[in-house]
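Below, each chain spelled out in residue letters.
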Amino acid sequence: MRLLTPDAPDGAPRSTADSASDDALSELAQLILNVSRLVRARTPSGDEVVALTDTERTVMRLVDLHPGSAPSEIARRARLQRTNVSTALRALEDKGMVTRTAAAGRGIGVHPSERAATNLAVLRAAWARELAGVLGDEPDAVRQCNDLLRRLEQRLTAVEPDA
């Protein structure tokens, strides 16, 4: 027998199993945000890496995942305003992190530059060193976590057909 609790946003009764699942998902979101902040705090800075704003990091990640995407597609995937993406792309171009090329019709495709690839390699090496001390003896758990987070990222950045 499942107990019902009146904690659904629309006022409909929810089962305690649904509530427990919601609790676990909300804790996952909170943990992702906090771990992200902690990793970022340990990210190298200075001349080693190109400094990026939060929006520039978000846009750069999508350019890396989907090279050749149009700025409008990047905005949809990132759930950002098109003007904010345009501003970030200009800044990334000024920093030598992206290039824009003509695409089909009048479109523009955005691609990561060699500088972006080098920057990402430096960051990934630093992150790996940092996390190896904490999780280096748990490679299977790390792979499982990576798989879960990759699926989450893919689903959250999917372009909706009508968007």
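Residues numbered from 1 in each chain as written. Predicted model: local features only at pLDDT ≥ 70, side-chain atom pairs only at ≥ 80, totals over all residues. Heavy atoms only, no water.

With reference to specific residues and values, describe the nonpolar core.
Counting residues in hydrophobic clusters, the biggest one holds 17 residues, and the most contacted among them are V59, M60 and L92. Only helix 2 (54-65), helix 3 (71-78) and helix 4 (82-94) provide two or more residues apiece to this core. With residues near it in sequence (within four places) discarded, V59 still touches I74, L80, V85, A88, L89 and L92. (Core = buried A, V, L, I, M, F, W, Y, C linked by side-chain atoms within 4.5 Å. Buried < 20%, exposed > 50% of the residue type's maximum accessible area, 1.4 Å probe, protein only. Helix = DSSP H or I, 4+ residues; strand = E, 2+ residues; numbered from the N terminus. Contact = heavy atoms within 4.5 Å.)

Go over the pairing of strand 4 (residues 108-112) with me, naming the residues and quoting the values.
Along any regular strand the residues' side chains alternate between the sheet's two faces. Alignment of strand 3 (residues 98-102) against strand 4, held across five bridges, turns out to be antiparallel. By the bridge assignment, A102 is partnered in strand 4 with I108. (Pairing = 2+ DSSP bridges.)

Describe helix 4, listing the residues and the values that go with them.
With 13 residues, helix 4 should reach 18 Å at 1.5 Å per residue; the first-to-last C-alpha distance of 18 Å fits that figure. Buried-residue contacts for helix 4 involve helix 2, helix 3, strand 3 and strand 4. Phi for G96, located one or two positions after helix 4, is positive at around 75 degrees. (Expected span 1.5 Å × (residues − 1).)

Could you give me a rundown of empty space enclosed by the protein, with the residues and numbers involved?
Think of a ball as big as a water molecule: rolled over the atoms, this probe shows where empty space is left. Within the structure shown, the criterion is met by one cavity of 30 Å³ or more. Forming the boundary of the largest cavity are V39, R42, W127, E130 and L131. Grouping the amino acids of the lining of the largest cavity by side-chain chemistry returns three nonpolar, no polar and two charged. (1 Å grid on protein atoms, 1.4 Å probe; cavity = no way out; pocket = protein on both sides within 12 Å on 5 of 7 lines; lining within 4 Å. Points joined across faces, edges and corners; volume = space filled by probe spheres on them. Nonpolar A, V, L, I, M, F, W, Y, C, P; charged D, E, K, R; others polar.)

Quick rundown of the pattern of salt bridges? Include the residues and the values.
Evaluated as defined, the whole model comprises nine salt bridges. For the salt bridge of R40 with D54, the shortest nitrogen-to-oxygen distance reads 3.5 Å. Of the two residues, R40 sits in helix 1 (residues 16-41) while D54 sits in helix 2, which places them 14 residues apart along the sequence. Members of the salt-bridge network, linked through shared partners, are R40, D54 and R57. (Salt bridge = Lys/Arg side-chain N within 4 Å of Asp/Glu carboxyl O.)

Please set out unusual backbone geometry residue by residue, giving values where relevant.
Phi at R79 is positive, roughly 60 degrees, even though this residue is not glycine. Tracing the backbone shows R79 in the loop between helix 3 and helix 4.

So, the packing of helix 2 against helix 3: which residues are in play, and what are the values?
Following both chains from N to C, one finds helix 2 and helix 3 inclined at 115 degrees, their axes separated by 10 Å at the closest point. Relative to helix 3, the element helix 2 lies roughly perpendicular. As helix 2 packs across helix 3, the resulting crossing turns out to be right-handed. Residue-level inspection shows T58, V59, L62 and V63 of helix 2 in contact with helix 3, the latter providing I74, R77 and A78. Split by residue class, the contact of helix 2 with helix 3 holds five nonpolar, one polar and one charged. (Axes fitted to C-alpha atoms, helices over the stretch in contact; angles between N-to-C directions. Parallel < 35°, antiparallel > 145°, perpendicular 65-115°, else oblique. Left-handed = near helix turned anticlockwise from the far one by under 90°.)

Honestly, that's just the spatial picture; any functional story needs more than this.
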